[in-house]
Amino acid sequence: MDMGGLQNIVANSAYVSARGSVDGAAASTMRDKKFRAKLNLPHIKKSEHMKTTVDCGFDSMCVKQPIGKRLFQQYLESDATYKNACELWKDMEDYNITQEKYRVQKAQKIVNKFYESKSKIFCSFLEENAVTRVKEDHKNIRGDLFKESEQQLLKHLEAKAMSGFKNSMYFLRYIQFKCLEAQPIDEDWFMDFRVLGKGGFGEVHACQMKATGKMYANKKLDKKRLKKHKGYEGAIVEKRILAKVHSRFIVSLAYAFQTKTNLCLVMTIMNGGDLRFHIYNVDEKNPGFDETRACFYTAQIIMGMEHLHQHRIIYRDLKPENVLLDDAGHVRLSDLGLAVELPPGKDKTKGYAGTPGFMAPELIEHKEYDYTVDYFTLGVTLYEMIQAKGPFRTRGEKVENTEVQRRILNDAVVFTDKFSKDGKAICEGLMEKDPVKRLGFKNNECAALKAQPFFKELNWGHLEAGMLPAPFVPNPKAVYAKDIDEVGAFSSIKGVVIDAKDNELYDDFSSGNVPIPWQEEMIETGVFGELNLWAPGGKLPDDLDP
Ligand code: ADP
Ligand code: MG
Ligand code: MG
């Protein structure tokens, strides 16, 4: 074997073994003690200065941020007045992830306990209409059975319990964690493993956060390359958007920092490779997916895009290559460098962006457009999953972009017998040339698209909760990336000088830890539990007592 082959095997085995050991209890054994020791709660006196500046809106602190929510719930449980409300809150959340066959039973229990006025722990803050509706409806399985009640519960807690929480030691603990979260972080905190892929401005490596043991993907953007090829805008956009959206169908950003040479985005690691690889390279004699599998991925892509569109973000670069698989075979959208956010009050945008062969007619024609362009790319992507060939170009075909554009504008798509009636219908609805008639995002959701017969077997509620098993599960021992010597090196960039203005931009990019994913990491890896200790009697440890 040559040296390159050997290096590849060594790199793969280090990566596969780090990946495997992170599951479950073993994560803590993978930690670096020196870095774990840096994750210690600061003394309360040292964090007090944040009391006035810390993010303490109810929805953000007590509902959205995982550590904030845990501490708020611990406070509720410690106070007899709110204990029941907290139990109901947790029960409603449990209901949403309960399997269908146990749901009616679970709902019945909740109703008996909290909704019956004769019950000891009847929740009187629930409004009568909501109570009636849940009682009438709880024998039907509905994903949103408790939605209205939950809103009322949260409103109640905000009005009644929030001020008590803010005067409690649990809030001080929240501040301590926020202080820890604000701690600056740099490349030393991460151990690099093999390269997973190559982008336009640098490589993406598997890496491990030393203090917790959690695996991530680190997308490195070369500062000089960015400057030379005018990549700043895309880098900042990608960072800003990834830090803002939180969905199980989009990669999340946990850290953004800089090194001497790179800007780094540390994101959810997707070990299963991209859809393009799975369409063409896994079974080369029989490329493409059956419709059931294509349907599953399409549904998850729709969930991700609906989330983006609800946040006024147009993705513009959907294609199989940018859809990545995780260990369980679920997919997420990645690569948001071409995305654009519509500012308030502006409902359309212009600008030529995307990948040839995927771009919608209205975009090619330089018209103003909105989310509709993403549903055209979805049609192209779905077609390619089933046909193992793009609708407007054959793989490897030498064809000018102008010809591809002409086909997109003028030619009807040809469907083979690989498509069922429903498969063809949805592709046609998505690749409709007129954006007004195209299937897509209407009234802030994708209801009509989700109701297509193509999805008739699919349970959207379960999909949304991450409860549907994937049609294909990647092999935990396999590496779904090119061999390291095939990834290809970058040539060095000459003649680019970094100045003060560039540094300003780098500082803007390097915003550090992203609260929600950082807090999830702390909880998931057990660090939160290790740090969140109370003295006997449920008090802050002595030296922390204010
Ligand atoms: P670019 O914007 O320069 O195209 P990408 O974000 O597409 O860069 O990343 C380049 C490649 O790195 C991808 O094609 C994929 O193979 C790999 N990659 C990117 N993000 C991840 C991730 N989160 N997990 C695993 N691999 C990734
Ligand atoms: Mg890419
Ligand atoms: Mg990109």
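Basis of the calculations
- Residues numbered from 1 in each chain as written.
- Chains lettered and ligands numbered in written order.
- Predicted model: local features only at pLDDT ≥ 70, side-chain atom pairs only at ≥ 80, totals over all residues.
- Heavy atoms only, no water.
- Near = heavy atom within 4 Å.
- Polar contact = N/O pair within 3.5 Å; in protein donor to acceptor, adjacent residues only side chain to side chain.
- Areas by Shrake-Rupley, 256 points an atom, 1.4 Å probe, with all protein chains shown as cover.
- Axes fitted to C-alpha atoms, helices over the stretch in contact; angles between N-to-C directions.
- Helix = DSSP H or I, 4+ residues; strand = E, 2+ residues; numbered from the N terminus.
- Parallel < 35°, antiparallel > 145°, perpendicular 65-115°, else oblique.
- Left-handed = near helix turned anticlockwise from the far one by under 90°.
- Contact = heavy atoms within 4.5 Å.
- Nonpolar A, V, L, I, M, F, W, Y, C, P; charged D, E, K, R; others polar.
- Pairing = 2+ DSSP bridges.
- Salt bridge = Lys/Arg side-chain N within 4 Å of Asp/Glu carboxyl O.
- Buried < 20%, exposed > 50% of the residue type's maximum accessible area, 1.4 Å probe, protein only.
- Core = buried A, V, L, I, M, F, W, Y, C linked by side-chain atoms within 4.5 Å.
- Phe/Tyr/Trp six-rings, centres within 6.5 Å; stacked < 30°, edge-to-face > 60°.
- 1 Å grid on protein atoms, 1.4 Å probe; cavity = no way out; pocket = protein on both sides within 12 Å on 5 of 7 lines; lining within 4 Å.
- Points joined across faces, edges and corners; volume = space filled by probe spheres on them.
- Expected span 1.5 Å × (residues − 1).
- Disulfide = S-S within 2.5 Å.

Participant: Help me understand the site of ligand 1, please; the structure alone is not making it clear to me.
Facilitator: Taken together, 15 residues are adjacent to ligand 1, and Gly200, Lys219, Thr268, Met270 and Asp335 come closest. In this structure, an oxygen atom belonging to ligand 1 sits 2.6 Å away from a main-chain N or O atom of Gly200. Met270 places a main-chain nitrogen or oxygen 3.0 Å from a nitrogen atom of ligand 1. Protein coverage of the free-state accessible area of ligand 1, which is 550 Å², stands at 85%.

Participant: Can you walk me through the packing of helix H13 (residues 232–244) against helix H23 (residues 500–509) in this structure?
Facilitator: Two quantities define a packed helix pair, namely the angle between the axes and the distance from one axis to the other. Interhelical geometry of H13 versus H23 gives an angle of 20° and a closest axis separation of 10 Å. Considered as vectors, H13 and H23 are oriented roughly parallel to each other. Here H13 and H23 pass one another in a crossing that is left-handed. Contacts between H13 and H23 pair Tyr232, Ala235, Ile236 and Lys239 from the former with Asp502, Leu505, Tyr506, Asp508 and Phe509 from the latter. For the contact of H13 with H23, the per-class residue count stands at six nonpolar, no polar and three charged.

Participant: Mind showing me how you'd approach the sheet that holds strand E1 (residues 190–198) here?
Facilitator: Reading across the sheet, the six strands line up as E1-E2-E3-E5-E4-E10 and stay open at both edges, with antiparallel pairing between neighbours. Only two strands of the sheet have a single neighbouring strand rather than two, namely E1 and strand E10 (512–513). Here strand E2 (residues 203–209) runs beside strand E3 (residues 215–222); their pairing, made up of five bridges, is antiparallel. Bridge assignment links Val204 to a residue of E3, and that residue is Lys219. Running at roughly 110° to strand E4 (residues 253–258), helix H24 (residues 515–524) makes contact with E2, E3, E4 and E10 of the sheet.

Participant: I would appreciate a short explanation of the pattern of salt bridges in the present structure.
Facilitator: Side-chain pairing between opposite charges can occur once the charged atoms of the two side chains come close. Scanning the entire structure with this criterion turns up 31 salt bridges. We note a salt bridge from Lys456 to Asp422, for which the minimum N-O separation is 2.7 Å. One end of the pair, Lys456, is in the loop between helix H20 (447–450) and helix H21 (460–464); the other, Asp422, is in helix H19 (residues 421–430), with 34 residues separating them in the sequence. Since its relative accessible area comes to 16%, Asp422 is described here as buried. For the salt bridge of Lys424 with Glu428, the shortest nitrogen-to-oxygen distance reads 3.7 Å.

Participant: Would you take a moment to explain the nonpolar core for this structure?
Facilitator: As a rule of thumb, nonpolar side chains are buried together in soluble globular proteins. Membership of the largest hydrophobic core comes to 87 residues, with the highest contact counts inside it found for Tyr297, Leu333, Tyr375, Leu378, Met431, Leu449 and Phe455. With ten residues, the top contributor of residues to this core is helix H15 (residues 291–310). With near-sequence residues (within four places) excluded, Leu333 lies in contact with Phe249, Ile250, Val251, Ile301, Gly304, Met305, Leu308, Tyr315, Leu318, Asn322 and Val323. Listed in part, the 63 residues of the second largest apolar core include Cys123, Phe146, Leu154 and Leu157.

Participant: Can you help me understand the packing of aromatic side chains in this one?
Facilitator: For any pair of aromatic rings, geometry is given as the distance between the ring centres together with the angle between the planes. One pass over the structure, following the stated rule, counts 27 aromatic pairs. For the pair Tyr170 and Trp534, a centre-to-centre distance of 4.9 Å together with 55° between the ring planes defines the contact as tilted. Of this pair, Tyr170 sits in helix H11 (residues 169–181) while Trp534 sits in the segment after helix H25 (527–531), and the two are 364 residues apart along the sequence. By relative accessible area, Trp534 is classed as partly exposed at 24%. On the numbers, 5.6 Å between centres and 10° between planes, the contact of Phe190 with Phe257 is stacked.

Participant: Even after reading the chapter, I still don't get the packing of helix H6 (residues 83–97) against helix H9 (residues 147–160), so can you show me in this structure?
Facilitator: Put simply, H6 and H9 touch, their axes get as near as 11 Å, and they point 150° apart. For the pair H6 and H9, the crossing hand works out as left-handed. Between H6, through Ala85, Leu88, Trp89, Met92 and Glu93, and H9, the contact on the second element is made entirely by Ser149, Glu150, Leu153, Leu154 and Leu157. Of the residues that constitute the contact of H6 with H9, the class distribution is seven nonpolar, one polar and two charged.

Participant: Is there a simple way to explain the side chain of Arg438 in this structure?
Facilitator: With respect to the element layout, Arg438 can be found in the loop between H19 and H20. A polar contact is formed between the side chain of Arg438 and the backbone oxygen of Leu430, at a distance of 3.5 Å. Beyond its immediate chain neighbours, meaning those up to four positions away, Arg438 contacts Ala360, Pro361, Glu362, Thr372, Val373, Tyr375, Phe376, Gly429, Leu430, Glu432 and Lys433.

Participant: What is the right way to read the layout of surface pockets from this model?
Facilitator: A water-sized probe rolled over the atoms picks out the places where empty space is left. Taken as a whole, the second largest pocket encloses approximately 1,200 Å³ of empty space. If you trace the second largest pocket, you find 45 residues lining it, with Gly197, Lys198, Gly199, Glu321 and Asn322 closest to the centre. The set of elements that each furnish at least two residues to the lining of the second largest pocket consists of E1, E3, H13, strand E5 (262–268) and helix H14 (275–280). By residue class, the composition of the lining of the second largest pocket is 17 nonpolar, 16 polar and twelve charged.

Participant: Even after reading the chapter, I still don't get H13, so can you show me in this structure?
Facilitator: The α-helix winds at 3.6 residues per turn, so residues separated by three or four positions along the chain end up facing the same way. Helix length check: H13 (13 residues) gives 18 Å between terminal C-alpha atoms against 18 Å at 1.5 Å per residue, within 8%. Of all the residues in H13, the buried ones are Tyr232, Ala235, Ile236, Val237, Glu238, Lys239, Ile241 and Leu242.

Participant: Looking at this structure, I do not really get the pairing of E4. What am I missing?
Facilitator: Working note: regular strand, side chains alternate between the two faces of the sheet. In terms of burial, E4 is largely enclosed, as five of its six residues are buried. Relative to E5, E4 runs antiparallel, the two being bridged by five bridges. Within E5, the position partnered with Phe257 by the bridge is Cys264. Bridge analysis of E4 against E10 gives two bridges, and the strand direction is antiparallel. Opposite Ala256, over in E10, you have Gly512 as the bridge partner.

Participant: I keep staring at the state of the cysteines and nothing clicks. Help me out?
Facilitator: Put plainly, two cysteines are in a disulfide when a covalent bond ties their sulfur atoms together. Within this structure, the stated rule accounts for zero disulfides. This cysteine, Cys179, is not joined by any disulfide, and Cys56 carries the nearest cysteine sulfur, 14 Å off. Overall, the relative accessible area of 16% leaves Cys179 in the buried class. Take Cys446: it sits in no disulfide, and the sulfur closest to it among the cysteines is that of Cys295, at 14 Å. Looking at Cys446, the relative accessible area reads 0%, which means it is buried.

Everything listed here is a matter of geometry and, on its own, says nothing about what the molecule does.
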